[in-house]
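# Examining the three-dimensional arrangement
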Amino acid sequence: MEKVVRGFYSIAHSVKLCKPNVIAAYPITPQTEIVENLAEMYANGELGDCEYVTAESEFGAASILVGASAAGARTFTATCSQGLILMSEVLINAAGMRLPIVLVNTNRALSAPLSIWNDHQDSMVLRDGGLMQIHVETNQEAHDMVPVAFKVAEDHKVMLPFMINMDGYKLTHAYEPIDLLEQEMVDTFLPPYNPPVYMTTKDPLTFGSYAPPQYYAEFRVALQNAMERARKVLEKAYKEWAEITGRDWGGHIVAEGVEDADLVAISMGSLTGMVRDVISELRNQGKKVGLLKIRTFRPFPAKEVRGALKDAEKILVFERAVSFGHGGPVGMEVKSACFGLTPEFYSFAVGLGGRDVPREEIVRIISDVYYGKVDQGFHFGTVKPFEEVIV
Amino acid sequence: MNYFGPGHGACPGCGLTIATRNVLEALEGKCFVANSTGCLEIVSSQYERSAWGVPYIHSLFENAGAVAAGIDLALKALKRKGEGKVVVFAGDGATADIGIGTLSGMFDRNHDVIYICLDNEAYQNTGNQQSGLTPLGSNTTTTPVGELFPGKMGRKKDMVSIAVAHGIPYVATASVAFHADLRRKVKKAAEIEGAKYIQIHSPCVTGWGIDGKQTILSAKLAYETALYPIVEYENGELTRVRKIKERKPVEEYLKIQRRFRHLFKHPKGKEIISMLQKIADENAAKFNLDV
Amino acid sequence: MKITLGGISKPHSSKTMKTGDWGTEYPVVDEEKCTACKTCEYLCPDACIVVVEKEDEKKVAVPDYEYCKGCGVCFSVCPVDAIKMELKDIYKLEVC
Ligand SMILES: Cc1ncc(C[n+]2csc(CCOP(=O)(O)OP(=O)(O)O)c2C)c(N)n1
Ligand code: SF4
Ligand code: SF4
Ligand SMILES: [Mg+2]
């Protein structure tokens, strides 16, 4: 059923159909309306056998989900930015405990300076936390990925937290026609949560043991193995979703026109639409350019990325975050995936803290790279010239 | 009666494990435990060496209140409330300092959880650093005795009043010195719906500098000097106190513990002891402890 | 080797840790004096002294030396002084 809704609702509606047992939330812009929508559904008795609570902090919300998930509940939360990094100690712990918590992160910049606007700095902080992470381009994709997230997180071969990244404001606040899922369709795709193990007095197990050096490393290898298995499970779920709904969002990556491309531009999230637009216009002009959209960020699809870039002469990454003291975090991943290949490599951090990225900027960056007008390496997009003074 | 141990790694004579065993015994093992990082967790939950005979989870240092709230919600949603009570075991540091936010949230939402604060009056797992529940004058590694300072300055945080102020239905203190009273309180708490707080005075042989033979004695002296009043609140009303027959001077409690021994030598020791006596006198007056 | 999901442990698996060799002392119960009041059973930090029924139907406290850490809590709380702490032989120094 197609309906014009905001990005927030596209998530909330989908979460409802996934029949979570416990939702714990805490408000933060630009996420709040997701949990407000869910709270409204709860107030109206639309969430079935679900308990919804507003916690005292994001740290508390994530901790509540740790307890609930360990006790066998399907769990959900949404957050971003300061909230996500406040949750980080808990989420990293949940990954180690192999709890399949699902969360939506409405990507937002990190303080300081305080900014409520969009970039990817928040989710990058959790890069090494053991959570699966994907980025979506549109609200329909966000809507569709919620059941996928639950299915993959809860797969007994995986059992890891799953974070869907969607760009704050750009997606969350946008009104768009969304083909809203029906309960039946979600039920066909997503079985009820069947935890392989959970806290019960019938089998009083100890969760969250501490591991001395003779064990710790094995548990970390097991986590890495779970991530490796998640590649296949996730890919299968993407495919199955496409079959059931007829909406194919692609696999871990989506490569468009890369086969004959001299320059491949890489993007994650909502910026991809504009990059695609520019790329296809350039192609129409006869320029050999292609697009690589990265959907799955963890586990990182290194093999697929390398495959898509093997013939490229120039690689250009549009970064939405900075790894201070080094460069762009996506570029770092791409470079390591392409180790041994010898393309020219460029990366540009654009749209930090919600800075508008006009189409002209994308055009300029691509053509500068295409015509060899900039040095290889990491650059910032358009910033005003400035001199830093004390006061 | 065996829901905890043996084979755990606590120091011989540890008060935490005495308290824990009695709480679990009172609940007849029908419970879900959330435990904060700290001595109890470390001595009992090493991989493949669990001392627990009840479902147990340890997540972090400062979130046991929230983890327990999550278990409570899950049991409600999954219609499994009948399986058992949800219990937190948390240290005084986890409770009064770093975890007070998640604890307050749990109280505020009035989850059906029995929160046990195992009060050994310092961060003992990390080697006796001061917490909000460390008493005045105690020698800890972060409030060491020096020429200027005779141990911790400032008094023990009043967690009982903080708990009562949340409007939760049941708040009590207890002591390993009175095990039957402790179990009675836990049983009572288990019958009440909503958030419950029980703070149990649990001596730490290592941090306090006592012998296992003095574990129970020191807990008893804390009560007999009125430094650790044993009280009970129901729905915000003080309903019961453990009266003291012949209140002892605080020195009797202080002198048997290494953490207070400097008070008998330090130039400011006398002043601290008299301040501690004043605290004891205030406790006795506030709760009408003397018979 | 097998490892469990996220480090889950089995209940009471600590039993493999025999702590009986920790202490220097051990409790000895005077069965005549013991009234089976269970005070020691409730207060033993290591759950290793239990009141049991003997063949002659008399109930007495029996320490489990496999786990007893010799802390002396039972000794200190026994209301009828039925428990004595004794030094383990290996700690007895012979002065020649
Ligand atoms: C966030 C965080 N900070 C610090 C620590 C280190 N730490 C572990 S246990 C502990 C002290 C525990 O004190 P308390 O809660 O009183 O429990 P006790 O060990 O005394 O029973 C500390 C400081 C930690 N694990 N996590
Ligand atoms: S350090 Fe103290 S609290 Fe920790 S196990 Fe030893 S006696 Fe118990
Ligand atoms: S000496 Fe301590 S450990 Fe041994 S039985 Fe007595 S109380 Fe238990
Ligand atoms: Mg402590």
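Rules used throughout
- Residues numbered from 1 in each chain as written.
- Chains lettered and ligands numbered in written order.
- Predicted model: local features only at pLDDT ≥ 70, side-chain atom pairs only at ≥ 80, totals over all residues.
- Heavy atoms only, no water.
- Helix = DSSP H or I, 4+ residues; strand = E, 2+ residues; numbered from the N terminus.
- Rg over C-alpha atoms; globule rule 2.2 N^0.38 Å.
- Buried < 20%, exposed > 50% of the residue type's maximum accessible area, 1.4 Å probe, protein only.
- Contact = heavy atoms within 4.5 Å.
- Lys, Arg positive; Asp, Glu negative; His and termini not counted.
- Charge placed at Lys NZ, Arg CZ, Asp CG, Glu CD.
- Donors = N, O, S within 2.8 Å, 3.2 Å for Na, K, Ca; no water.
- Phe/Tyr/Trp six-rings, centres within 6.5 Å; stacked < 30°, edge-to-face > 60°.
- Lys NZ or Arg CZ within 6 Å of the ring centre and 35° of its normal.
- Domains from an automatic or database assignment.
- Buried area = accessible area lost by both parts, 1.4 Å probe.
- Salt bridge = Lys/Arg side-chain N within 4 Å of Asp/Glu carboxyl O.
- Polar contact = N/O pair within 3.5 Å; in protein donor to acceptor, adjacent residues only side chain to side chain.
- Core = buried A, V, L, I, M, F, W, Y, C linked by side-chain atoms within 4.5 Å.
- Pairing = 2+ DSSP bridges.
- Axes fitted to C-alpha atoms, helices over the stretch in contact; angles between N-to-C directions.
- Patch = residues over 30% accessible without salt bridge, like charges linked within 9 Å, V, L, I, M, F, W, Y side chains within 5 Å.
- Areas by Shrake-Rupley, 256 points an atom, 1.4 Å probe, with all protein chains shown as cover.
- Disulfide = S-S within 2.5 Å.

The secondary structure content of chain B amounts to 11 helices and 10 strands. Whereas a compact globule of 291 residues would reach a radius of gyration of roughly 19 Å, chain B reaches 18 Å, a difference of no more than 12%. The principal-axis extents of the C-alpha atoms in chain B amount to approximately 60 × 40 × 35 Å. Burial analysis of chain B (291 residues in total) assigns 65% to the buried set. Long-range contacts, defined as pairs at least 24 residues apart, comprise 69% of the intrachain contacts of chain B with a sequence gap of at least 6. Here chain B contributes 36 positively and 30 negatively charged side chains, and the mean placements of these two sets differ by 3 Å.

A few words on the coordination of the magnesium ion (ligand 4). Residue and element names in this part refer to chain B. For the magnesium ion (ligand 4), the full set of protein donor atoms is Asp92 (OD), Asn120 (OD1) and Ala122 (O), at a range of 2.0 to 2.1 Å. In the primary structure, the donors to the magnesium ion (ligand 4) are separated according to the pattern D-x27-N-x1-A. Note that Asp92 is positioned in helix H4 (residues 92-98) and Asn120 in the loop between strand E6 (113-119) and helix H6 (159-165), a separation of 28 residues in sequence. Each member of the pair, Asp92 together with Asn120, is buried.

A word on the packing of aromatic side chains. In the structure shown here, the tally under the stated rule is 17 aromatic pairs over all chains. Centre to centre, the rings of Trp52 of chain B and Phe89 of chain B are 5.8 Å apart; their planes meet at 45°, and the pair counts as tilted. With a gap of 37 residues between them, Trp52 of chain B in the loop between strand E3 (49-50) and strand E4 (56-58) and Phe89 of chain B in strand E5 (residues 85-91) connect regions that are remote in the sequence. Its relative accessible area of 0% is what places Trp52 of chain B among the buried residues. Aromatic pair Tyr26 of chain C and Tyr65 of chain C: ring centres 5.8 Å apart, planes at 85°, arrangement edge-to-face. Note that Tyr26 of chain C is positioned in strand E1 (residues 25-29) and Tyr65 of chain C in the loop between strand E3 (59-63) and helix H2 (73-77), a separation of 39 residues in sequence. Looking at Tyr65 of chain C, the relative accessible area reads 42%, which means it is partly exposed. Connected via pairs of aromatic rings, a cluster forms that spans Phe4, Trp52, Tyr56 and Phe89 of chain B. Between the NZ or CZ atom of Lys151 of chain A and the centre of the ring of Phe189 of chain A, over which it lies, the distance is 4.4 Å.

Residues and elements named next belong to chain A. What the domain assignment reports for chain A is domain 1 (2-245) and domain 2 (253-388). On a C-alpha basis, the centroid separation for the pair domain 1 and domain 2 is 28 Å. Between domain 1 and domain 2, the contact holds 28 residues from the first and 30 residues from the second. Counting the surface lost from both domain 1 and domain 2, the interface buries some 2300 Å², and carbon and sulfur atoms represent 49% of this. Taken as a group, Met124, Arg127 and Glu137 account for 28% of the area that domain 1 buries against domain 2, more than any other trio of residues on that side. Counting the contacts that link domain 1 with domain 2 gives five salt bridges.

All names here are of chain A. In this structure, Ser57 sits in the loop between strand E3 (51-54) and helix H3 (58-70). Among the polar contacts made by the side chain of Ser57, one reaches the main-chain amide nitrogen of Gly60 at a distance of 2.9 Å. Excluding anything up to four places from it in sequence, Ser57 contacts Tyr26 and Leu86.

Another aspect to go through is the nonpolar core. Counting 133 residues, the largest nonpolar core has Ile57, Ile71, Phe89 and Ile116 of chain B as its most contacted members. Here this core takes nine residues from helix H3 (residues 64-77) of chain B, the largest share from any one element. Apart from residues no more than four positions distant in its own chain, Ile57 of chain B is found in contact with Val66, Ala70, Met97, Met199 and Phe207 of chain A together with Val33, Ala34, Asn35, Val67 and Ile71 of chain B. Within the second largest apolar cluster, 50 residues are counted, among which are Ala12, Cys50, Val146 and Leu223 of chain A.

It is worth spelling out the interface of chain A and chain B at this point. Residue-level contacts link 39 residues of chain A with 39 residues of chain B. When the buried surface of chain A facing chain B is broken down by residue, Met199, Thr201 and Tyr210 of chain A rank first, second and third, together holding 21% of it. Across the chain A-chain B interface, the total number found is two salt bridges. The shortest N-O distance in the salt bridge between Glu56 of chain A and Arg109 of chain B comes to 2.8 Å. Where the side of chain A that touches chain B is concerned, the elements lending two or more residues are E3, H3, helix H4 (81-96), strand E9 (206-207) and helix H8 (213-245) of chain A. Per element, the largest residue contribution to the side of chain A that touches chain B is eight residues, and it comes from H3 of chain A.

So, on to the sheet that holds strand E15 (residues 344-349) of chain A. Residues and elements named next belong to chain A. Read from one edge of the open sheet, six strands run E10-E12-E11-E14-E15-E16, paired in mixed fashion. Looking at the sheet topology across the chains shown, the edges are occupied by strand E10 (253-256) and strand E16 (377-380). Strand-to-strand twist in this sheet, taken as the mean axis angle between neighbours without regard to direction, amounts to 20°. Bridge count between strand E14 (residues 314-319) and E15: six bridges; the pairing is parallel.

Residues and elements named next belong to chain B. Here strand E9 (residues 231-234) runs beside strand E10 (residues 237-241); their pairing, made up of four bridges, is antiparallel. Paired with Glu232 across the bridge in E10 is Arg240. Connecting the antiparallel pair E9 and E10 is a turn made up of two residues, with Asn235 showing a positive phi of about 45°.

A few words on a negative patch on the surface. Residues and elements named next belong to chain C. A surface patch of like charges, here negative, comprises Glu53, Glu55, Asp56 and Glu57. Along the chain, the position of Asp56 falls in the loop between strand E2 (49-53) and E3. Note on Asp56: relative accessible area 58%, which makes it exposed.

The strand order across the open sheet built from nine strands is E9(A)-E4(B)-E1(B)-E5(B)-E6(B)-E8(B)-E7(B)-E9(B)-E10(B), with neighbouring strands paired in mixed fashion. Each edge of the open sheet is held by one strand with a lone partner, namely E9 of chain A together with E10 of chain B. Here strand E1 (residues 31-35) of chain B pairs with E4 of chain B via three bridges, running parallel. Residue Ala34 of chain B lies in a different strand from E4 of chain B, and its bridge partner there is Ile57 of chain B.

What follows is about the state of the cysteines. For the structure shown, the criterion picks out zero disulfides over all chains. Cys78 of chain C provides the cysteine sulfur closest to Cys37 of chain C, a residue in no disulfide bond, and the two sulfurs are 6.1 Å apart.

What follows concerns the interface of chain C and chain A. Between chain C and chain A, the contact holds 10 residues from the first and 15 residues from the second. When chain C packs against chain A, close to 1100 Å² is buried across both sides, 74% of that on carbon and sulfur atoms. The largest contributions to the chain C side of the interface with chain A come from Ile3, Leu5 and Ile8 of chain C, which together make up 47% of the buried area. Linking chain C to chain A there are zero salt bridges.

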